[in-house]
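So the chains spell out like this:
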Amino acid sequence: MGNDAKLGLLIVLSAPSGAGKTTLGDNLLGKRKDIVRAVTCTTRKPRPGEQHGVHYYFFSLEEFGKRVDAGEFLEHANVYENRYGTLKSEVLNKLRVGQDVLLTIDVQGAATVRKLAKTDPELDKALVTVFLTPPTRKELEERLNGRGTETPEVLARRLREVEEELKQAPQFDYLLLSETREKDVAALEEIITAERRRTK
């Protein structure tokens, strides 16, 4: 890559399950056409309305495993009996042509990306990490219940793990306290604007 090429930002948005990171990411992308999504790979079954290559790349366990073995992932993790990951090529190809990329992943995935960025100058330069804190625990429980996609056992486990995920907040560049959808998008846009203006 030439010195005059502008590298895009890799905006990693993370939060405990059910805190609203997917909604916030969707709202940002709906408002800002200059930011693109990094489509995540998963082995879970598609939810109603989800499309391969748009919402996720849906892979079999075998296909996912082959790609892991080939070193194709920027990050990957086992989450609630399913595998998730982001292809390096999905992200780097966009960053190298100056596109800002939004990656909405769990706390575990964000930690992996931070670690990898320390060994990769391009990723290190592009990376901006944002932790969206959930509203009250009660509201978080209501959001997870409202999905209707988890069994009671899975729901209980997710809620137990929220406490551990919240402890990771200090590892992120920015903390975004969730309020309304409009305020959350505005706060995230402020972070992106600030990062674009950085001189170092």
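Look up a bit, the structure's there.
All values reported here derive from a predicted model rather than from experimental measurement.

Participant: Explanation requested: the nonpolar core in the structure shown.
Facilitator: It is characteristic of soluble globular proteins that their nonpolar side chains tend to be buried jointly. In terms of nonpolar packing, the biggest core is built from 22 residues, with Leu-10, Val-12, Leu-74, Leu-95, Leu-103, Val-113 and Leu-123 touching the most fellow members. Within the residue set of this core, elements represented by two or more residues are strand E1 (10-14), helix H3 (88-95), strand E7 (100-104), helix H4 (107-117), helix H5 (121-126) and strand E8 (127-133). Of all the elements, H4 adds the most residues to this core, at four residues. Dropping the residues within four chain positions of it, Val-113 is found in contact with Leu-10, Val-12, Leu-74, Glu-75, Leu-103, Ile-105 and Leu-127. Within the second largest apolar cluster, 18 residues are counted, among which are Leu-9, Leu-13, Leu-102 and Val-128.

Participant: I would appreciate a short explanation of the pattern of salt bridges in the present structure.
Facilitator: It is possible for side chains bearing opposite charge to pair when their charged atoms get close. Applying the stated criterion across every chain, the model contains 14 salt bridges. Put simply, Glu-62 and Lys-66 hold a salt bridge, and the shortest N to O gap is 3.8 Å. Placement of the pair is Glu-62 and Lys-66 together in helix H2 (residues 61-69), with a separation of four residues, close to one helical turn. For the pair shown, Glu-62 and Lys-66 are each scored as exposed. Across the pair Arg-196 and Asp-100 runs a salt bridge whose closest N-O atoms are separated by 2.4 Å. Of the two residues, Arg-196 sits in helix H8 (residues 181-196) while Asp-100 sits in strand E7, which places them 96 residues apart along the sequence. A relative accessible area of 34% means that Arg-196 is categorised as partly exposed. The network of salt bridges with shared partners includes Lys-31, Arg-32, Asp-34, Asp-100, Glu-189 and Arg-196.

Participant: I keep staring at the sheet that holds strand E2 (residues 35-37) and nothing clicks. Help me out?
Facilitator: Hydrogen bonding along the main chain pairs the strands of a sheet, whether they run parallel or antiparallel. Pairing is parallel across the open sheet formed by five strands, whose spatial order is E2-E7-E1-E8-E9. Looking at strand neighbours, the two that pair on one side only are E2 and strand E9 (174-177), the edges of this open sheet. Strand-to-strand twist of the sheet, defined as the mean angle between neighbouring strand axes without regard to direction, takes the value 30°. In the sheet, E1 pairs with E8 via five bridges, with the strands oriented parallel. The partner of Leu-10 across the bridge, within E8, is Leu-127. Taken strand by strand, H8 contacts E1, E2, E7, E8 and E9, and its axis lies near 160° from that of E9.

Conventions used here
Residues numbered from 1 in each chain as written. Predicted model: local features only at pLDDT ≥ 70, side-chain atom pairs only at ≥ 80, totals over all residues. Heavy atoms only, no water. Core = buried A, V, L, I, M, F, W, Y, C linked by side-chain atoms within 4.5 Å. Buried < 20%, exposed > 50% of the residue type's maximum accessible area, 1.4 Å probe, protein only. Helix = DSSP H or I, 4+ residues; strand = E, 2+ residues; numbered from the N terminus. Contact = heavy atoms within 4.5 Å. Salt bridge = Lys/Arg side-chain N within 4 Å of Asp/Glu carboxyl O. Pairing = 2+ DSSP bridges. Axes fitted to C-alpha atoms, helices over the stretch in contact; angles between N-to-C directions.

These figures come from the coordinates and say nothing about function on their own.
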